[in-house]
Amino acid sequence: MADFDRVGYEDGHEPFTSERIVTSTADDLERAAEAALRPRRLEEFVGQLVVRDQLSLVLQAAVARGATPDHVLLSGPPGLGKTTLAMIIAAELGTSLRVTSGPAIQHAGDLAAVLSSLEEGEVLFIDEIHRLARPAEELLYVAMEDFRVDVVVGKGAGASAIPLSLPPFTVVGATTRAGLLPAPLRDRFGFTGHLDFYSAEELERVIIRSAGLLGVEIKHAAAHEISGRSRGTPRIANRLLRRVRDWAQVRGDGTMDLRAARAALEVYEVDELGLDRLDRAVLGALCTRFGGGPVGLSTLAVTVGEESETVETVAEPFLVREGLIGRTPRGRVATPAAWAHLGLTPPDPLTPRGPGAGLAQRTGSARSGGTLFDTGA
């Protein structure tokens, strides 16, 4: 692994964003792998107790009345189960699910075509709903509230709008950035649920359940180890579980025990807090090159060979949430927890900070995820 003084492109590595095992986003192959592990019913869904209880009440009441439930908005970070809950809603209602996404609907006509094909009681799931084009948003307002769309016939001065009635349906919107939703759209959702990060105990249950569905046996200690490195996200937990299974089958004896879990996660450079190479590079640069900061985002990004947006949106949220770095008006600063995690001694508060100050001193061989940190001291 590269030292902290040789990170990003400087040591010949590709950008850290490629193949990040701890990213909470998923591509098509990842979603296909997740499909077999998704719970089918609300009682099978692990975690999110408040949202699950509230949603259960909404769905049961709608089924008892024989009516379609209110529109549902699910918000929260990626990988926590918004798509899974949309599928569960359709299953609980005994109807089918139509799936689309905000970026896929760039024109009002695109949305009108989807809406006009819906059958009574169907569930329309719109992922990344905050990225809907404005004309499509305005069309969705009317469709959600009045169950109709206005089809424009003709062009120019001779154009006319013909109202088309729609059967009752339920929109389930998912967003990672609820603050970007326009108020008129947000107000049309009768139920809003926010998904929070999972506890280690909840992730253990997710991992044990997923291992059973994959047909492999996992020891409790291994499930506990994986859950602690999963960044509070079931998607990451399931991904790490599959990598531990691979290691156990190829390099171990097939047993998913604590030894296999630790060895596999060391191979994939995921340390005991769930930090990967990019995360540790950001912390290492902040501590060893800039004396703990403050340092500007763009300077920090150049140091690790990444774009500012990548550092800000990919690495920084988790580091801030774990209390490893702080954001100040003057820039990013390392917290005492960051220094401790890297095995370094924080600088004297009275000593000037800055690049090349040589303030970080080794307190011993610091190991994180099986990686020795070389401060260059």
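- Going by the annotation in an unreviewed UniProt entry, the name recorded for the protein chain is Holliday junction branch migration complex subunit RuvB, with Oerskovia rustica given as the source organism.
- One UniProt comment on the protein chain, placed under Subcellular location (unreviewed entry), says "Cytoplasm".
- On record in UniProt, under Sequence similarities (unreviewed entry), the comment for the protein chain is "Belongs to the RuvB family."

What to know about the overall build of the protein chain
Phase 1: Each helix and strand in the protein chain was counted, giving 14 helices and 13 strands.
Phase 2: Counting every position in the protein chain, which comprises 377 residues, the buried fraction comes to 48%.
Phase 3: Summarising the internal contacts of the protein chain: among those between residues at least 6 apart in sequence, 70% fall at separations of at least 24.
Phase 4: Accessible surface for the protein chain amounts to roughly 17,600 Å². Of this, 51% is attributable to carbon and sulfur atoms.

A closer look at the sheet that holds strand S1 (residues 72–75)
Phase 1: With respect to topology, five strands assemble into an open sheet ordered S2-S3-S6-S1-S7, the strand pairing being parallel. Of all strands in the sheet, those with a lone pairing partner are strand S2 (97–101) and strand S7 (191–194), marking the two edges. Here the strands of the sheet are splayed against their neighbours by 15° on average, with no regard to which way each runs.
Phase 2: Two elements, S2 and strand S3 (residues 123–127), share five bridges in a ladder whose sense is parallel. Of the residues in S3, the one forming a bridge with Val-99 is Phe-125.
Phase 3: Packed onto the sheet, helix H2 (residues 49–65) meets S1 and S7 and runs at close to 160° relative to S7.

Topic: the UniProt feature "binding site: Mg(2+)" (unreviewed entry) in the protein chain
Phase 1: In this numbering, the UniProt entry assigns the feature "binding site: Mg(2+)" (unreviewed entry) to Thr-83.
Phase 2: With respect to the helices and strands, Thr-83 occurs in helix H3 (residues 82–93).

A look at helix H11 (residues 277–289)
Phase 1: Along its 13 residues, H11 runs 17 Å from first to last C-alpha, staying within 8% of the 18 Å computed at 1.5 Å per residue.
Phase 2: H11 sits mainly inside the fold: 13 of its 13 residues count as buried.
Phase 3: With a side-chain oxygen positioned 3.3 Å from the backbone nitrogen of Leu-278, the residue opening H11 is Asp-276.
Phase 4: One or two positions beyond H11, positive phi appears at Gly-291, with a value near 60°.

Some details on the packing of aromatic side chains
Phase 1: All told, the structure shown has one aromatic pair when counted by the stated rule.
Phase 2: Summarising the aromatic geometry, the rings of Phe-147 and Phe-169 are spaced 5.4 Å apart at their centres and angled 80° between planes, so their arrangement reads as edge-to-face. With Phe-147 in the loop between helix H5 (134–146) and strand S4 (148–153) and Phe-169 in the loop between strand S5 (160–165) and strand S6 (170–175), this pair connects stretches of sequence that are 22 residues apart.
Phase 3: We classify Phe-147 as partly exposed; its relative accessible area is 24%.
Phase 4: Residue Phe-169 is classed as buried on the basis of its relative accessible area, which comes to 1%.
Phase 5: In this arrangement the basic side chain of Arg-231 is found over the ring face of Phe-318, its NZ or CZ atom lying 3.9 Å from the centre.

Observations regarding the UniProt feature "binding site: ATP" (unreviewed entry) in the protein chain
Phase 1: This chain's UniProt record puts "binding site: ATP" (unreviewed entry) on Leu-37, Arg-38, Gly-79, Lys-82, Thr-83, Thr-84, Glu-145, Asp-146, Phe-147, Arg-188, Tyr-198 and Arg-235.
Phase 2: With respect to the helices, strands and loops of the structure, Thr-84 is situated in helix H3.
Phase 3: In this view, Thr-84 contacts Arg-38, Pro-39 and Phe-45; residues no more than four positions away in its chain are not counted.
Phase 4: Among the secondary structure elements, Arg-235 is positioned in helix H9 (residues 234–250).
Phase 5: Here Arg-235 falls in the buried class, since its relative accessible area comes to 11%.

Notes on the confidence of the model for the protein chain
Detailed conclusions should not be drawn from predicted coordinates in areas where pLDDT is low.
Phase 1: Model confidence for the protein chain is summarised by a mean pLDDT of 80, while 80% of its residues fall at 70 or above.
Phase 2: Segment residues 354–377: pLDDT under 50, and 59 contacts once partners within four positions in sequence are set aside and those in other chains are kept.

A few points about the pattern of salt bridges
Phase 1: Counted according to the given criterion, the structure contains 18 salt bridges.
Phase 2: Across the salt bridge formed by Glu-225 and Arg-262, the nearest N and O atoms sit 3.7 Å from each other. Pair noted here: Glu-225 is in helix H8 (residues 220–228) and Arg-262 is in helix H10 (residues 258–267), with a separation of 37 residues, a long-range link.
Phase 3: Glu-322 serves as the salt-bridge partner of Arg-321, at 3.9 Å between the closest nitrogen and oxygen.
Phase 4: On the basis of relative accessibility, which here comes to 33%, the residue Glu-322 falls in the partly exposed class.
Phase 5: Each of Glu-312, Glu-316, Arg-327 and Arg-332 takes part in one network of salt bridges that share partners.

Some thoughts on unusual backbone geometry
Phase 1: Located in the positive-phi region is Gln-48, a residue other than glycine, with phi close to 55°.
Phase 2: Structurally, Gln-48 can be placed in the loop between helix H1 (28–35) and H2.
Phase 3: Taking relative accessible area as the criterion, Gln-48 reaches 10% and is therefore assigned buried.
Phase 4: Positive phi, close to 55°, is recorded for Phe-147, a residue that is not glycine.

Criteria and cut-off values
- Residues numbered from 1 in each chain as written.
- Predicted model: local features only at pLDDT ≥ 70, side-chain atom pairs only at ≥ 80, totals over all residues.
- Heavy atoms only, no water.
- UniProt positions renumbered as here; feature names shortened; annotations may be inferred.
- Helix = DSSP H or I, 4+ residues; strand = E, 2+ residues; numbered from the N terminus.
- Buried < 20%, exposed > 50% of the residue type's maximum accessible area, 1.4 Å probe, protein only.
- Contact = heavy atoms within 4.5 Å.
- Areas by Shrake-Rupley, 256 points an atom, 1.4 Å probe, with all protein chains shown as cover.
- Pairing = 2+ DSSP bridges.
- Axes fitted to C-alpha atoms, helices over the stretch in contact; angles between N-to-C directions.
- Expected span 1.5 Å × (residues − 1).
- Polar contact = N/O pair within 3.5 Å; in protein donor to acceptor, adjacent residues only side chain to side chain.
- Phe/Tyr/Trp six-rings, centres within 6.5 Å; stacked < 30°, edge-to-face > 60°.
- Lys NZ or Arg CZ within 6 Å of the ring centre and 35° of its normal.
- pLDDT = per-residue confidence, 0-100.
- Salt bridge = Lys/Arg side-chain N within 4 Å of Asp/Glu carboxyl O.

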